[in-house]
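# Residue-level structure breakdown
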Amino acid sequence: MGQHAQPAADSFARATGLLAEFERHDRSRDKTGTAVADTAGMSRQAALDTCKYPGMYAPALAAILDAGAEETDRGLRFLHLGANHGTFCRFLQDLPGMRLSAALDLDLDALRRGRTWQLRDAILADAVSLAALRAGSLDLLLAESLYVPNYWRPPQIAGGLDAAACVLRDDGLLLVQEWGFDFSRGFAAALAVAGLRERRRITGPAETQQGVRHVTCFVYGKGEKCSPPAGRA
Ligand SMILES: C[S@@+](CC[C@H](N)C(=O)[O-])C[C@H]1O[C@@H](n2cnc3c(N)ncnc32)[C@H](O)[C@@H]1O
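So, here's what we can say about the structure. Quick caveat: nothing in here was measured; it's all calculated off a predicted structure.

Cut-offs applied
- Residues numbered from 1 in each chain as written.
- Predicted model: local features only at pLDDT ≥ 70, side-chain atom pairs only at ≥ 80, totals over all residues.
- Heavy atoms only, no water.
- Buried < 20%, exposed > 50% of the residue type's maximum accessible area, 1.4 Å probe, protein only.
- Helix = DSSP H or I, 4+ residues; strand = E, 2+ residues; numbered from the N terminus.
- Pairing = 2+ DSSP bridges.
- Right-handed = clockwise from strand over helix to strand, strands pointing away.
- Phe/Tyr/Trp six-rings, centres within 6.5 Å; stacked < 30°, edge-to-face > 60°.
- Contact = heavy atoms within 4.5 Å.
- Near = heavy atom within 4 Å.
- Polar contact = N/O pair within 3.5 Å; in protein donor to acceptor, adjacent residues only side chain to side chain.
- Areas by Shrake-Rupley, 256 points an atom, 1.4 Å probe, with all protein chains shown as cover.
- 1 Å grid on protein atoms, 1.4 Å probe; cavity = no way out; pocket = protein on both sides within 12 Å on 5 of 7 lines; lining within 4 Å.
- Sits in = over half its atoms within 2 Å of the grid points.
- Nonpolar A, V, L, I, M, F, W, Y, C, P; charged D, E, K, R; others polar.

Here the focus is the pairing of strand E5 (residues 168-178). The element E5 is largely enclosed, with a buried count of eight among its 11 residues. For strand E4 (residues 138-144) and E5, the ladder comprises six bridges, and the chain directions are parallel. Within E5, the position partnered with Leu-140 by the bridge is Leu-173. Crossover E4 to E5 through helix H7 (residues 154-167) is right-handed. With six bridges joining them, E5 and strand E7 (residues 211-222) adopt antiparallel strand pairing.

This part takes up the packing of aromatic side chains. The tally for this structure, following the rule as stated, stands at nine aromatic pairs. Relative to Phe-88, the ring of Phe-78 lies with its centre 5.9 Å away and its plane at 85°, an arrangement referred to as edge-to-face. Within this pair, whereas Phe-78 is found in strand E1 (residues 76-81), its partner Phe-88 is found in helix H5 (residues 87-92), the two being separated by 10 residues in sequence. On the accessibility criterion, Phe-78 (0% relative accessible area) is buried. Residue classification places Phe-88 among the buried residues on the basis of a relative accessible area of 0%. Taking the centre distance of 5.9 Å and the plane angle of 25° together, the rings of Tyr-147 and Phe-183 count as stacked. In this pair, Tyr-147 is assigned in the loop between E4 and H7 and Phe-183 in helix H8 (residues 183-186), connecting sequence segments 36 residues apart. Of the two residues, Tyr-147 and Phe-183, neither departs from the other in class, the shared state being buried. Within the aromatic cluster, the residues linked to one another by ring pairs are Tyr-147, Trp-152, Phe-181, Phe-183, Phe-187 and Tyr-220.

Another aspect to go through is the side chain of Arg-113. On the secondary structure map, Arg-113 appears in helix H6 (residues 108-116). Leave out the neighbours within four places in its chain, and Arg-113 touches Ala-35, Thr-39, Met-42, Thr-50 and His-85.

In this section: the site of the ligand. Inspection of the region around the ligand gives 18 residues, with Asn-84, Asp-105, Asp-126, Ala-127 and Ser-145 positioned closest. Note that an oxygen atom of the ligand is positioned 2.5 Å from one of the side-chain N or O atoms of Asp-105. At 3.4 Å from a nitrogen atom of the ligand is found a side-chain nitrogen or oxygen belonging to Trp-152. Summarising the interface, the protein chains cover 85% of the accessible area of the ligand, which totals 590 Å² for the free molecule. Mapping the ligand onto the cavity grids shows that it belongs to the largest pocket. Within the shell around the ligand, the residues separate by chemical class into eight nonpolar, four polar and six charged.

What follows covers unusual backbone geometry. In this structure, Arg-27 is a non-glycine residue whose phi angle is positive, near 55°. Structurally, Arg-27 is set in the loop between helix H1 (9-26) and helix H2 (28-38). The exposed category is assigned to Arg-27, whose relative accessible area is 53%. Notably, Asn-84 is not glycine yet its phi reads approximately 55°, a positive angle. Along the chain, Asn-84 falls in the loop between E1 and H5.

Further remarks concern the side chain of Arg-90. Within the secondary structure, Arg-90 is located in helix H5. Side chain to side chain, Arg-90 and Asp-26 meet in a polar contact 2.8 Å long. Setting aside chain neighbours within four positions, we find Arg-90 in contact with Phe-22, Asp-26, Lys-31, Gly-114, Trp-117, Gln-118 and Leu-119.

Take a look at the structure:
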């Protein structure tokens, strides 16, 4: 599909509905509200990062549905970078097309919290280097509000993009979900160095930590073969 193709309206609507239903059954807001209220000494940033709800991921889910997440035995391997307690992974892990739906974060408490809420796969690791992961082992990677200029420095974002390209299969997709800025434009040089090319983007209204916004999932494929850095097998 060409760059800037039409948004997948059907997939986005389905994604929004599925996530709303999951959020209701899962009582996701009660869970996170209780976690933030109960945890003495949680920093302001940690409390903010805990307040992640399934509905926030509708643009990314639209792309994942289009990749076959609802097709039985599709065998997709998905990793969410900076997933905190992995609320989105808990939703995805039961879809018939998913073989792996893993949450990666540096915050051990957040991953432990996710595990108590039945998150199956949690990885304590750095999303910049992704050194814990094998090259060419994943179909889908999601970075949501992670490659943000005032959150990470540009060299970290460039390093993260390189690492993401390496751990994806040749036909794998990197999903970068952001709002308020054009990631492809802002990081054109780093994306080119990493060999990542925009395939499409999906934009729609979704909840963010600042209220409902037009949120975009930028979908990148590997334009050229990526050679794993030394030491990554
Ligand atoms: C996805 S970011 C989003 C932050 C916030 N929404 C914003 O836009 O400023 C938050 C999560 O990323 C995790 N995180 C930050 N740096 C990381 C790194 N280098 N490796 C893995 N996880 C990281 C944090 O622990 C936290 O759970």
